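Coordinates in review
Now for the letters of each chain:
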Amino acid sequence: MKTLRQYIKEADEKGVAIGHFNISNLEALHGIYNAARKLNLPIIIGVSEGEEEFVGREEVVALVRAIRNRDNYPIFLNADHHYFFESVKAALDAGYDAAIIDAVMLPLEENIALTKKCVDYARELSKKENRDILIEAEIGFIGTSSKILDKMPEGVSEATMTSTEDAKHFVEATGIDLLAPSVGNVHGMVKGGNPRLHPERVKAIREAVGIPLVLHGGSGSMNEDFVACIKAGIDIVHINTEIRVAYRDAVKKALIENPDEVAPYKILKPAILAIETVVEARLKLFNNIK
Ligand code: 13P
């Protein structure tokens, strides 16, 4: 099977993006995989530190690997937004394909030092275990929570977007494989509507850094903005809140409609279908499938 790095390169060449979807339970994994499989597209499953703590670090590796091996399918696992070297190391040691060291709240030079430490470790482990582990990092603040927001998170503004100069310096100093910039994107769904994305900034950063870019905070963004950003150099798009909302709404409806039902596999089946529907629509958009 091709490596995640190769799939990202292919997406870049084709002008499409790989979908990255977060899970915190088995229903979400099934819903996401069903959609990817239907469209025959590579897929990345993400777990943040909180999601990982809930699912289990080794458990989530086993789940994703079981699908990959059984179906010989390009499904990959990413340690999404890990804040410490120790948590990145633990995820990589457990068998994750990639990790994001999120040190965006630190001053730039401290972010660089911590990111570099993760890159060095990933290279060492890749060599030792004959793997090709990818390290991603983020610069420019885009908020922190995959939830419904009453208003824009404190500290996210035009001023906190990633500059081409910082991006270039950061990538050269750390040697990361993937960069997550701030280009108008925000984690979570803002009640009054998410801000517009800035494809021209994506293009300028992509040209300056020469490595694949990842768009975080995808939930709630406009379809035309996604398309423009993918065209401008985004190779992976992250979606989480939209899946959480689909799950919550489907479970709520199932419980109201069937108050006497106690079998989890019956209560939760509509949640799998709801997630599958969201993911399928997003994957079609990201891959220019009508
Ligand atoms: P959203 O919850 O806004 O889709 O962001 C997801 C994300 O970027 C996870 O890394």
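The model shown is predicted, which means the values in this text are computed figures rather than measured ones. (Residues numbered from 1 in each chain as written. Predicted model: local features only at pLDDT ≥ 70, side-chain atom pairs only at ≥ 80, totals over all residues. Heavy atoms only, no water.)

1. Quick notes on the packing of aromatic side chains
For clarity, the cut-off: Here a Phe, Tyr or Trp ring, Trp counted by its six-membered ring, pairs with any other such ring whose centre lies within 6.5 Å, and the pair is stacked when the planes are under 30 degrees apart, edge-to-face when over 60, and tilted otherwise. Runs of H or I in DSSP of at least four residues are treated as helices and runs of E of at least two as strands, each being numbered from the N terminus. Buried means the residue's accessible area, taken with a 1.4 Å probe over protein chains only, is under 20% of the maximum for its type, while exposed means over 50%, and partly exposed covers the values in between. Two conditions define a charge located above a ring, namely a distance within 6 Å from the ring centre to NZ of Lys or CZ of Arg, and an angle within 35 degrees of the ring normal.
Counting across every chain of the model gives four aromatic pairs. With centroids separated by 5.8 Å and ring planes inclined at 55°, the aromatic side chains of Y7 and F76 adopt a geometry described as tilted. One end of the pair, Y7, is in helix α1 (residues 4-14); the other, F76, is in strand β3 (residues 75-82), with 69 residues separating them in the sequence. In this structure Y7 comes out as buried when scored by relative accessible area, which is 13%. Judged by its relative accessible area of 5%, F76 falls in the buried class. Centre to centre, the rings of Y33 and Y73 are 5.1 Å apart; their planes meet at 85°, and the pair counts as edge-to-face. Of the two residues, Y33 is situated in helix α2 (residues 26-39) and Y73 in the loop between α4 (57-71) and β3; the sequence distance between them amounts to 40 residues. Its guanidinium or amino end placed over the ring of F85, K117 lies 4.4 Å from that ring's centre, counting from NZ or CZ.

2. Things to note about the site of the ligand
For clarity, the cut-off: Residue proximity to a molecule or strand is established when one non-hydrogen atom of the residue lies within 4 Å of it. Side-chain atoms alone can form a polar contact between residues adjacent in sequence; in general such a contact is a pair of N or O atoms within 3.5 Å, and within protein one must be able to donate a hydrogen while the other accepts it. Side-chain classes are defined by residue name, with Ala, Val, Leu, Ile, Met, Phe, Trp, Tyr, Cys and Pro counting as nonpolar, Asp, Glu, Lys and Arg as charged, and the others, Gly among them, as polar.
Around the ligand, the surrounding shell holds 15 residues, and the nearest of these are D80, S146, G217, S219 and T241. In this structure, an oxygen atom belonging to the ligand sits 2.6 Å away from a side-chain N or O atom of D80. The separation between an oxygen atom of the ligand and a polar main-chain atom of G188 is 2.8 Å. The set of elements that each furnish at least two residues to the shell around the ligand consists of β3 and β10 (234-239). Residues belonging to the shell around the ligand are distributed by class as follows: two nonpolar, twelve polar and one charged.

3. Section: the pairing of β10
Spelled out, the test is: A pair of strands is labelled paired if DSSP reports no fewer than 2 bridges between them. A clockwise path from the first strand over the helix to the second, with the strands pointing away from the viewer, defines a right-handed crossover.
Of all six residues in β10, six are buried; the element is thus mostly enclosed. Across four bridges, the pairing between strand β1 (residues 18-22) and β10 is parallel. Bridge assignment links F21 to a residue of β10, and that residue is I239. Bridging between strand β9 (residues 213-215) and β10 involves three bridges; their strand directions are parallel. Bridged to V214 within β10 is I236. Between the parallel elements β9 and β10, the chain passes through helix α9 (residues 223-232) in a crossover that is right-handed.

4. Regarding the side chain of S87
Applied cut-off: In what follows, a contact means two residues having at least one pair of non-hydrogen atoms within 4.5 Å.
Here S87 shows up in helix α5 (residues 85-94). For S87, a relative accessible area of 10% puts it in the buried group. Within the structure, the side chain of S87 is placed 3.0 Å from the backbone oxygen of F84, a separation counted as a polar contact. For S87, the contacting residues outside a window of four places in its chain are E49 and H82.

5. Quick look at the nonpolar core
Put simply, the test is: Here the nonpolar core consists of buried residues drawn from Ala, Val, Leu, Ile, Met, Phe, Trp, Tyr and Cys, with membership extended through side-chain atoms lying within 4.5 Å.
In terms of nonpolar packing, the biggest core is built from 68 residues, with I32, L92, Y96, I135 and L179 touching the most fellow members. Those residues in contact with L92, other than ones at most four positions away along the chain, are A98, A99, Y121, A122, L125, R131, I133 and I135. Within the second largest apolar cluster, 14 residues are counted, among which are A98, L134, A180 and I236.

6. So, the environment of N240
Following the sequence through the fold, N240 ends up in the loop between β10 and α10 (241-257). Overall, N240 belongs to the buried group, its relative accessible area being 9%. In this structure the C-alpha to C-alpha distance between N240 and A94, which are 146 residues apart in sequence, comes to 23 Å. Once residues within four sequence positions are removed from consideration, N240 is found in contact with N22, E51, S146 and S219.

7. Topic: the environment of F286
For F286, the position within the fold is in helix α12 (residues 269-286). A sequence separation of 154 residues divides F286 from D132, and the C-alpha atoms of the two residues are 25 Å apart. Beyond its immediate stretch of four places on either side in the chain, F286 contacts V16, A17, G19, F21, F226, I230, V237 and I239.

8. Some details on the pairing of β1
Two faces, one strand: in a regular strand the side chains alternate between the faces of the sheet. Of all the five residues making up β1, five are buried; the element is thus mostly covered by neighbouring parts of the structure. Both faces of β1 are covered, namely the face carrying I18, H20 and N22 and the face carrying G19 and F21. Inspection of the sheet shows β1 paired to strand β2 (residues 43-47) by four bridges, in the parallel sense. Pairing of N22 across the sheet is with G46, part of β2. Between the parallel elements β1 and β2, the chain passes through α2 in a crossover that is right-handed.

9. A closer look at the packing of helix α6 (residues 108-129) against helix α7 (residues 164-174)
Defined as follows: Throughout, an axis means a line fitted to C-alpha atoms (over the contacting stretch in the case of helices), and angles, computed between N-to-C directions, take values from 0 to 180 degrees. Crossing handedness is defined as follows: a turn of the near helix away from the far one that is anticlockwise and smaller than a right angle gives a left-handed crossing, while the clockwise case is right-handed.
It is at 9 Å that the axes of α6 and α7 come closest, and there the two elements cross at 35°. Two packed elements cross with a definite hand, and for α6 against α7 that hand is right-handed. Packed against α6, whose contacting residues are L108, E109, N111, I112, T115, K116 and V119, the element α7 presents D166, H169, F170, A173 and T174 at the interface. Of the residues contributing to the contact of α6 with α7, the split by class is five nonpolar, four polar and three charged.

Spatial relationships are all this shows, so hold off on functional conclusions.
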